[in-house]
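Close look at the chain arrangement
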Amino acid sequence: MGRVNAAEAEERDPGLQPERTRLAWRRTTLASTVAAVLSVKSALRGGPTVSGVIVCALCCALWLGFLLVAHHRIRALAASAGPPTLAPRHATTAVLCTVALALCGAALVL
Amino acid sequence: MIEFARNVRLWFAPEEIRREGSTPDYRFSLANERTFLAWLRTALALIGGGFAVDQFLPDLRWAWRAGLALALLAAGVLCSLRAVNHWMRCERAMRRGEDLPVSRFPAVLGLLVAVVAIAMVVVVTVGWEG
């Protein structure tokens, strides 16, 4: 490979912190996908009932909400070398999606 | 408890955090964010485990199945709420230049997971089927 542009090398964080954070968001999205797939499978066990379909749609919506937050953050991280701090609103949204998924699970168990 | 309520208010009010202290090196904030995400993954794994117990142990007596699944789901909820709370406390401590907060939570979660795992092994081997 050729030599790296000096200005570019200075701007680039040698610890690759934004990249690592981006990948952490990807991993978390993957984990939420697994949980959502399990919840959908759980909701549709024993045939499609009305309540099962409703819970299933709710789980899909929660997964989409998580995906949106992650996508937003990943784009912000990719946009600049010194990205802004994660907004508490986004952190809370991601957590509330997770909590709501667990509540759907509790409703399915009971 | 009052402290917790104050923290909950901060979850939704980013400006209030930004008003305190000075902005730390962005790398510290990103490391804090990754720790938050790691806890969130732990929470998602616990919730997935709850769904899995409900689904893959259908022969179990209902009370055991529901109890184990609910224990895992509740652990997931606790873990995710604590994740955002701890993230915010760390962020605030870094802005103020204080020591990072210490926590008993990892030990409590570890013990809870151990208890659920032992209960699951016992229930499945003894075979309390419905």
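In this text the structure is predicted, and so the values were computed from the model without any measurement. (Residues numbered from 1 in each chain as written. Chains lettered and ligands numbered in written order. Predicted model: local features only at pLDDT ≥ 70, side-chain atom pairs only at ≥ 80, totals over all residues. Heavy atoms only, no water.)

**Some details on the state of the cysteines**
Residues and elements named next belong to chain A. We apply this condition: In plain terms, two cysteine sulfur atoms within 2.5 Å form what is called a disulfide here. Note on classification: 1.4 Å probe, protein chains only; a residue is buried when its accessible area is under 20% of the maximum for its type, exposed when over 50%, partly exposed between these limits.
Enumeration over the complete set of coordinates arrives at zero disulfides over all chains. Cys59 takes part in no disulfide bond, and the closest cysteine sulfur to it belongs to Cys104, at a distance of 4.0 Å. Relative accessible area serves as the criterion here: at 0%, Cys59 is assigned to the buried category. You can see Cys60 has no disulfide; the closest cysteine sulfur is in Cys56, sitting 4.7 Å from it. Here Cys60 falls in the partly exposed class, since its relative accessible area comes to 35%.

**Here we look at the pattern of salt bridges**
For clarity, the threshold we go by: When a carboxyl oxygen of Asp or Glu lies within 4 Å of a side-chain nitrogen of Lys or Arg, that pair is called a salt bridge.
Inspection of every chain in the model, using the stated rule, returns five salt bridges over all chains. Between Arg27 of chain B and Asp25 of chain B there is a salt bridge, and its shortest N-O distance comes to 2.9 Å. For Arg96 of chain B, the salt bridge identified is with Glu98 of chain B, shortest N-O distance 3.8 Å. Judged by relative accessible area, Glu98 of chain B falls into the partly exposed class, the value being 45%. The structure contains a network of salt bridges with shared partners spanning Arg45 of chain A together with Asp54 and Arg65 of chain B.

**Side note on the interface of chain A and chain B**
Selection criterion: Contacts were defined at the residue level, with two residues in contact if any of their heavy atoms lie within 4.5 Å. The term buried area denotes the loss of accessible surface (1.4 Å probe radius) that occurs when two parts are joined, taken as the sum for both partners. In the analysis that follows, any N or O atom pair within 3.5 Å is treated as a polar contact, provided that within protein one partner can donate a hydrogen and the other can accept it, and provided that, for residues neighboring in sequence, both atoms belong to side chains.
In this assembly, 42 residues from chain A lie in contact with 35 residues from chain B. Here chain A meets chain B over a buried area of about 3,600 Å², counting both sides, of which 71% is carbon and sulfur. Broken down residue by residue, the surface that chain A buries against chain B is led by Pro88, Val95 and Val109 of chain A, which jointly contribute 16%. Between the two partners, chain A and chain B, sit two salt bridges. Between Arg45 of chain A and Asp54 of chain B there is a salt bridge, and its shortest N-O distance comes to 3.8 Å. Scanning the region where chain A abuts chain B turns up 10 residue pairs in polar contact (both at pLDDT 80 or more).

**Topic: the confidence of the model for chain B**
Rule in force here: One confidence number per residue, pLDDT, is output by the predictor and ranges from 0 to 100. Only DSSP runs of H or I reaching four residues or more are called helices, and only runs of E reaching two or more are called strands; each is numbered from the N terminus.
Here chain B averages 86 in pLDDT, and 92% of its residues register 70 or above. For chain B, per-element mean pLDDT is lowest for helix 2 (residues 14–19) of chain B, which scores 66, and highest for helix 3 (residues 26–56) of chain B, which scores 92.

**Comments concerning the environment of Leu30 of chain A**
Residue and element names in this part refer to chain A. Within the secondary structure, Leu30 sits in helix 2 (residues 17–43). Leu30 sits in the exposed class, given a relative accessible area of 59%. When the C-alpha positions of Leu30 and Pro83 are compared, they lie 23 Å apart, and in sequence the two are 53 residues distant.

**Details of the packing of aromatic side chains**
Residues and elements named next belong to chain B. Selection rule: Pairing of aromatic side chains requires ring centres within 6.5 Å, counting the rings of Phe and Tyr and the six-membered ring of Trp. Pairs whose planes differ by under 30 degrees are stacked, by over 60 edge-to-face, and all others tilted.
With the rule as written, the count across this model stands at two aromatic pairs over all chains. Geometrically, the ring pair formed by Phe36 and Trp87 is tilted, given 5.9 Å between the ring centres and 40° between the ring planes. One end of the pair, Phe36, is in helix 3; the other, Trp87, is in helix 4 (residues 62–96), and 51 residues separate them in sequence. The class of Trp87 is buried, set by a relative accessible area of 2%.

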